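Chain residues, written in single-letter form:
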Amino acid sequence: MAGLPKLAVWKFSSCDGCQLSLLHCEDELLPLLGRIEIAYFPEATRTELDGPYDVSLVEGSVTTPEEAERIEAVRDRSEVLVAIGACATTGGIQALRNSADVDELARVVYAHPEYLDTLETSSPISAHVEVDHEIQGCPISRGQLLDTLLAILTGRRPNLPQSSVCMECKMLGTPCLMVTSGIGCLGPVTQAGCGALCPSYDRGCFGCYGPKELPNTAALAGRWSELGIPADAVARAFRTFTGNAPAFREESDRHG
Amino acid sequence: MTNEITTRRIVIDPVTRIEGHSKITITLDEAGEVANARFHVTQFRGFERMVHGRPVHEMPSLMARICGICPVSHLIAASKAVDAIMAVTPPPAALRLRRLMNLAQIVQSHALSFFHLSSPDLLFGFDADPAKRHLYGLLAEHPQFARDGIALRRFGQHVIELLGGKRIHPAWIVPGGVASPLTAEVRDEIAGGLPEAIESVVRALDWYKASLAGWAEEEAVWGTTPTAFLGLVTPDGEVEHYDGVLRAIGPDGTVIHDEIAPDDVERCVGEAVEPWSYLKSSYLTALGHPEGIYRVGPLARLNIADRMGTPRADEELAELRERLGRYPSSSFHYHYTRLVETLSCLERMAHLLQHPEVTDVRVRATAGINRAEGVGVAEAPRGTLMHHYVVDDGGLVQHANLIIATGQNNLAMNAGVKQVAQRYVRADRLTEGMLNRVEAVIRCYDPCLSCSTHAVGEMPFHVQLRGPAGEVLDELVR
């Protein structure tokens, strides 16, 4: 397999769901294997890295001192680094703890918190090293992952959506939940990619895919208030799976 | 850890073909014999605290993010806990549909564990070249077997996607029921795939049984420490994954607990914290720590139950008990029990789909906060899972406690690692097969931390044997 571009997959703090998205590409994976040499890296220590790698997919957020060192080593050995998923691109759901006292948090979860060695915050990969591409989503879409890999292989720009979940609802013909039912929905400020799944089940968008480019969060929050949604609920809605993304975090802070 | 007082350590870091945030340390004594071996989990996310102050109806969606491999299990346990807080029983069709998705989840997860993660060792041997000892090596040399594994996993995932809209973190299981009813078309599509799935697992079972005699050595040393077993059973003793009562038995079948309401699980199970792992270790409170060591998952579920409750799987269970005895103890038999259970899950799916009620359009009960507390228990692929929430009057979570399968198996996994290390590892030589066996005992339990890090390409693997001053005595890289 000499001569093929080498792909590495790295895991930081996460649930493994985004890496599994690659495994779920059953039908697409075998043809891809002819174009790229895939090596999975569940974990490697700082001093024991091989490489370099042409493409590194990085899943998860940085939550421990060891991870903060390891991501530097990954960057050093990677030509192109792609952060995949809500954890890697925003800090993920575990960034909910960023507003809490980490010592108190560890005490609640563990009887002997002194055994833990954890950072104050859960932070995205881009807070530590330069990131070449980001694929948003909790979990990422298989289609966006494959497109990004093919784009890198062929030297074009990845074709990632810039529109909001609203666009996907329109294309599916799903009636707008906010307009027809007064349900709070993050669709207008959330990047497309999930196929507008929740609205098709009559649930407002939770923002799993994170902020779209230039989201007008203030206007949306204003509309939620007009619908009678209390400020603390608005604050929480922006602070969920991607609550550490600056646009969502700032809007959340304005409401509580 | 810094308090190493023994002379030499071997660190297996990373443990491959399970999730990344773990490693194994093997400690040697002066004579070069294995003094101890430990499995470390080094990830910390803190969900139990992060959810404080969040509305309880968000719990299924938030808690599903704990795991990308078994999100359905967390959706179910969380939704059941919120059902209890709303004081509602989901409509009958919703209960059947939740069961259906749970069974599909167990099928896909068991297929991943057996075919993708463990079978390369079984087919090629533990000393085989790691360059071919993976799923794509299987495709080249055992194509039917590999295709069966891929097809079974894909079938389970496809059912989850058909029901929930996506394979990972589906938003379909909700407090009070499920988000949408099952259409006749989807029912027929799932039912249409079942016969082939059943044949795939039967072929794997036949091959496994024919090969069993060749693994006598593994059977004899892979985690044979006697432990208790815990899991759900139906009130009349069948294997149960969604509801039922808790039963715990000793290694010889002596009943420790029976007919325990799932709400009472925290009365039976205690949690200890060890300095060397972020993973909590559960024990049975009736026996204390660490004597209360117990196992959950397929081996435990089959041992505690009187029968599977489906015809073909019951025949297989009878044969399994004829071959292994009534209460097999070796953790190597997780593989065999996993296959029998997969067959049973597929039979149960067929049974559920035949019921006329399964397509009923009433699938969700709605209510506000009617209780301050709720517990949800279900069987995840790897074992019993519990979510427990306490809420305030406004429905905001004040307290959350989770008991996960892998934590419950933690003490037994460590005992297994030590046993295998003592049998195979010698200080003066490190071999690939030796270390692979130490990892493989962990894979038997299919820890919930498993990931996709197994399938393609050569695994990075680096083990060092270090002397007292940290000097490298031996090194193995693959």
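Residues numbered from 1 in each chain as written. Chains lettered and ligands numbered in written order. Predicted model: local features only at pLDDT ≥ 70, side-chain atom pairs only at ≥ 80, totals over all residues. Heavy atoms only, no water.

Moving on to unusual backbone geometry. All names here are of chain A. Of the consecutive residues cysteine 138 and proline 139, the connecting peptide bond is found in the cis state with omega at -5 degrees. Turning to its location among the elements, proline 139 is positioned in the loop between β5 (133-135) and α6 (142-154). In this model, alanine 196 sits at a positive phi of 50 degrees, which is unusual for a non-glycine residue. Among the secondary structure elements, alanine 196 is positioned in the loop between α8 (177-181) and α9 (197-200). (Helix = DSSP H or I, 4+ residues; strand = E, 2+ residues; numbered from the N terminus.)

The next subject is the side chain of Lys209(B). Residue and element names in this part refer to chain B. Tracing the chain through its elements places lysine 209 in helix α7 (residues 184-211). Residue classification places lysine 209 among the buried positions, given a relative accessible area of 9%. In terms of polar contacts, lysine 209 uses its side chain to reach the side chain of glutamate 319, at 3.1 Å. Dropping the residues within four chain positions of it, lysine 209 is found in contact with Glu316, Glu319, Arg323 and Tyr336. (Buried < 20%, exposed > 50% of the residue type's maximum accessible area, 1.4 Å probe, protein only. Polar contact = N/O pair within 3.5 Å; in protein donor to acceptor, adjacent residues only side chain to side chain. Contact = heavy atoms within 4.5 Å.)

Right, let's talk about the sheet that holds strand β14 (residues 397-403) of chain B for a bit. All names here are of chain B. Strand order across the open sheet formed by three strands is β12-β13-β14, with antiparallel pairing between neighbours. Bordering the open sheet on either side are β12 (373-380) and β14, each of which pairs with just one other strand. Here the average twist between neighbouring strands, direction ignored, is 10 degrees. Strand direction decides the pairing type here: β12 and strand β13 (residues 383-391), joined by eight bridges, are antiparallel. Bridge pairing links glycine 374 to tyrosine 389 in β13. Each of β12 and β13 is contacted by helix α3 (residues 71-86), which is oriented at about 150 degrees to β12, the strand it contacts most. (Pairing = 2+ DSSP bridges. Axes fitted to C-alpha atoms, helices over the stretch in contact; angles between N-to-C directions.)

Another point: the side chain of Ser113(B). Within the secondary structure, Ser113(B) is located in helix α4 (residues 92-124). Ignoring any residue separated from it by four or fewer positions in sequence, one finds Ser113(B) in contact with Ser118(B), Arg338(B), Arg443(B) and Asp446(B).

Residue and element names in this part refer to chain B. Read from one edge to the other, the open sheet built from four strands follows the order β8-β7-β6-β11, with strand pairing classed as mixed. Edge positions in the sheet fall to β8 (255-260) and β11 (294-295), since each has one partner strand and no second. Bridge count for strand β7 (residues 245-249) against β8 is three bridges, and the pairing is antiparallel. From the neighbouring strand, isoleucine 249 faces β8, where its bridge partner is valine 255.

Next up on the list: the domain arrangement of chain A. All names here are of chain A. Taken domain by domain, chain A consists of domain 1 (6-154) and domain 2 (165-255). Each partner contributes residues to the interface: domain 1 has 16 residues there, and domain 2 has 13 residues. Taken over both partners, the interface formed by domain 1 and domain 2 buries close to 1100 Å², and the fraction arising from carbon and sulfur atoms is 51%. On the domain 1 side of the interface with domain 2, the three residues burying the most area are Thr90, Gln136 and Cys138, jointly 43% of the side's total. On the surface where domain 1 and domain 2 come into contact, there are zero salt bridges. Where domain 1 touches domain 2, the interface holds seven residue pairs in polar contact (both at pLDDT 80 or more). Classifying every residue of the side of domain 1 that touches domain 2 by side-chain character gives eight nonpolar, eight polar and no charged. (Domains from an automatic or database assignment. Buried area = accessible area lost by both parts, 1.4 Å probe. Salt bridge = Lys/Arg side-chain N within 4 Å of Asp/Glu carboxyl O. Nonpolar A, V, L, I, M, F, W, Y, C, P; charged D, E, K, R; others polar.)

Moving on to the nonpolar core. One broad rule of soluble globular proteins: the nonpolar side chains tend to lie buried together. Residues Ile190(B), Tyr208(B), Trp222(B), Leu346(B) and Met349(B) are the most contacted members of the largest nonpolar core, which totals 104 residues. Of all the elements, α4(B) adds the most residues to this core, at 15 residues. When sequence neighbours within four positions are dropped, the list of residues in contact with Trp222(B) reads Phe126(B), Ser330(B), Ser331(B), Phe332(B), Gln419(B), Val420(B), Tyr424(B), Arg437(B), Ala440(B), Val441(B) and Cys444(B). Residues Ala86(A), Ala78(B), Val82(B) and Val391(B) belong to the second largest nonpolar core, which totals 26 residues. (Core = buried A, V, L, I, M, F, W, Y, C linked by side-chain atoms within 4.5 Å.)

Residues and elements named next belong to chain A. Between its first and last C-alpha, α6 extends 18 Å over 13 residues, near the 18 Å set by a 1.5 Å rise per residue. Those residues of α6 not exposed but buried are Gln144, Leu145, Leu146, Asp147, Thr148, Leu149 and Ala151. Glycine 155 lies just past α6 and shows a positive phi near 75 degrees. (Expected span 1.5 Å × (residues − 1).)

Looking now at helix α14 (residues 410-424) of chain B. Here α14(B) is 15 residues long and its end C-alpha atoms lie 21 Å apart, about the 21 Å a rise of 1.5 Å per residue gives. Within the sequence span of α14(B), burial applies to Asn410(B), Leu411(B), Ala412(B), Met413(B), Asn414(B), Gly416(B), Val417(B), Val420(B), Ala421(B) and Tyr424(B).

It is worth spelling out the packing of α7(B) against helix α12 (residues 334-354) of chain B at this point. Residues and elements named next belong to chain B. Close contact between α7 and α12 brings their axes to 9 Å; oriented N to C, the two are set at 160 degrees. When the interaxial angle is binned, α7 and α12 end up roughly antiparallel. The handedness of the crossing between α7 and α12 is left-handed. Contacts between α7 and α12 pair Arg187, Ile190, Ala191, Leu194, Ala197, Ile198, Val201, Val202, Ala204, Leu205, Tyr208 and Lys209 from the former with His335, Tyr336, Leu339, Val340, Thr342, Leu343, Leu346, Met349, Ala350 and Leu353 from the latter. (Parallel < 35°, antiparallel > 145°, perpendicular 65-115°, else oblique. Left-handed = near helix turned anticlockwise from the far one by under 90°.)

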